[in-house]
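# Inside the fold
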Amino acid sequence: MALLLLFLGTVWSSQWYPDFRVGVETAKREGKLVLLYFYEEGCSYCKYMEDAVFIDPRVSTIMDNVFVVVPVDVDNTPPELDRRFRAVGTPTFFVYDPKRDRIIMQIFGLQESDEFFELLRSACKKSGVQRC
């Protein structure tokens, strides 16, 4: 997992935090939302998201400007995250507003770049974050 996180951190310029609490504190401090990314080793849909969608310039730009990303391996999900977010498959994304302590949106399954960008933009606008 450490290798995956190192890879993720170098491929995209978005801020990726494997620790939920650190990600939330960073997002609060920087006025960003948290994008929880529940993935699983061997998940072909997750791999597609990582290899094709996250690197799309529009997607990577909005992820960098608006979100702090918290990747969560579903095989090692901390109990407090499991109780709160309940990801039932992979990939699953939750857009979380740390200032209001609420989930803005849940995105399940494989998304193409245009769809994913529009969903992230919609969540951003719904939250009132100025960076949309």
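Structure's up top.
So, a few notes on the structure that sits alongside this text. Just so you know, these numbers come straight off a predicted model, no measurement behind them. (Residues numbered from 1 in each chain as written. Predicted model: local features only at pLDDT ≥ 70, side-chain atom pairs only at ≥ 80, totals over all residues. Heavy atoms only, no water.)

## Thoughts on the overall build of the chain
From N to C terminus, the chain includes six helices and five strands. Reading the secondary structure of the chain in the N-to-C direction produces α-β-α-β-α-α-β-α-β-β-α. Residues counted as buried form 49% of the 132 residues belonging to the chain. Look at the contacts in the chain between residues 6 or more apart in sequence, and 70% of them connect residues 24 or more apart. When the accessible surface of the chain is split by element, carbon and sulfur atoms take 51% of a total near 6,700 Å². (Helix = DSSP H or I, 4+ residues; strand = E, 2+ residues; numbered from the N terminus. Buried < 20%, exposed > 50% of the residue type's maximum accessible area, 1.4 Å probe, protein only. Contact = heavy atoms within 4.5 Å. Areas by Shrake-Rupley, 256 points an atom, 1.4 Å probe, with all protein chains shown as cover.)

## Some thoughts on a nonpolar patch on the surface
A cluster of nonpolar residues, Tyr-45, Tyr-48 and Leu-110, forms a patch on the protein surface that exposes about 280 Å² of accessible area. Assignment of secondary structure puts Tyr-48 in helix α3 (residues 44-53). (Patch = residues over 30% accessible without salt bridge, like charges linked within 9 Å, V, L, I, M, F, W, Y side chains within 5 Å. Salt bridge = Lys/Arg side-chain N within 4 Å of Asp/Glu carboxyl O.)

## Some thoughts on the pattern of salt bridges
Within this structure, the stated rule accounts for eight salt bridges. With a closest N to O distance of 3.8 Å, Arg-21 and Glu-80 form a salt bridge. Residue Arg-21 is located in helix α2 (residues 20-30), and its partner Glu-80 is located in helix α5 (residues 79-85); the two are separated by 59 residues in the primary sequence. Taking the shortest distance from any N to any O, the salt bridge between Glu-30 and Lys-32 comes out at 3.6 Å. A relative accessible area of 7% places Lys-32 in the buried class.

## Examining the nonpolar core
Membership of the largest hydrophobic core comes to 27 residues, with the highest contact counts inside it found for Leu-35, Met-63, Val-95, Phe-116 and Leu-120. For this core, the elements supplying multiple residues, two or more each, are β2 (33-39), α3, α4 (57-66), β3 (67-73), β4 (92-97), β5 (102-108) and α6 (113-127). With five residues, α6 is the largest single contributor of residues to this core. Ala-27, Val-72, Leu-81 and Tyr-96 belong to the second largest nonpolar core, which has 13 residues in total. (Core = buried A, V, L, I, M, F, W, Y, C linked by side-chain atoms within 4.5 Å.)

## Comments concerning α3
Restricting attention to buried positions, one finds in α3 the residues Cys-46, Met-49, Glu-50 and Val-53. Within α3, the buried residues cover an arc of 120° as seen down the axis, which keeps them to one side. (Arc of directions from axis to C-beta.)

## Some words on α4
Listing the buried residues of α4 in full gives Val-59, Ser-60, Ile-62, Met-63 and Val-66. Projected down its long axis, α4 shows its buried positions confined to an angular sector of 165°, all on one face. Those residues of α4 hidden inside the fold are in contact with β1 (15-16), β2, α3, β3 and α6. For α4, the capping residue at the N-terminal end is Asp-56, with a side-chain oxygen 2.9 Å from the backbone nitrogen of Arg-58. (Polar contact = N/O pair within 3.5 Å; in protein donor to acceptor, adjacent residues only side chain to side chain.)

## Regarding the packing of aromatic side chains
Taken as a whole and judged by the stated rule, the model has 14 aromatic pairs. Cluster of aromatic residues (ring-pair linked, three or more members): Trp-16, Tyr-37, Tyr-39, Phe-54, Phe-93 and Phe-116. Above the face of the Phe-117 ring, Arg-58 is positioned so that its terminal group lies 4.1 Å from the ring centre. (Phe/Tyr/Trp six-rings, centres within 6.5 Å; stacked < 30°, edge-to-face > 60°. Lys NZ or Arg CZ within 6 Å of the ring centre and 35° of its normal.)

Purely spatial values, then, with no claim about function.
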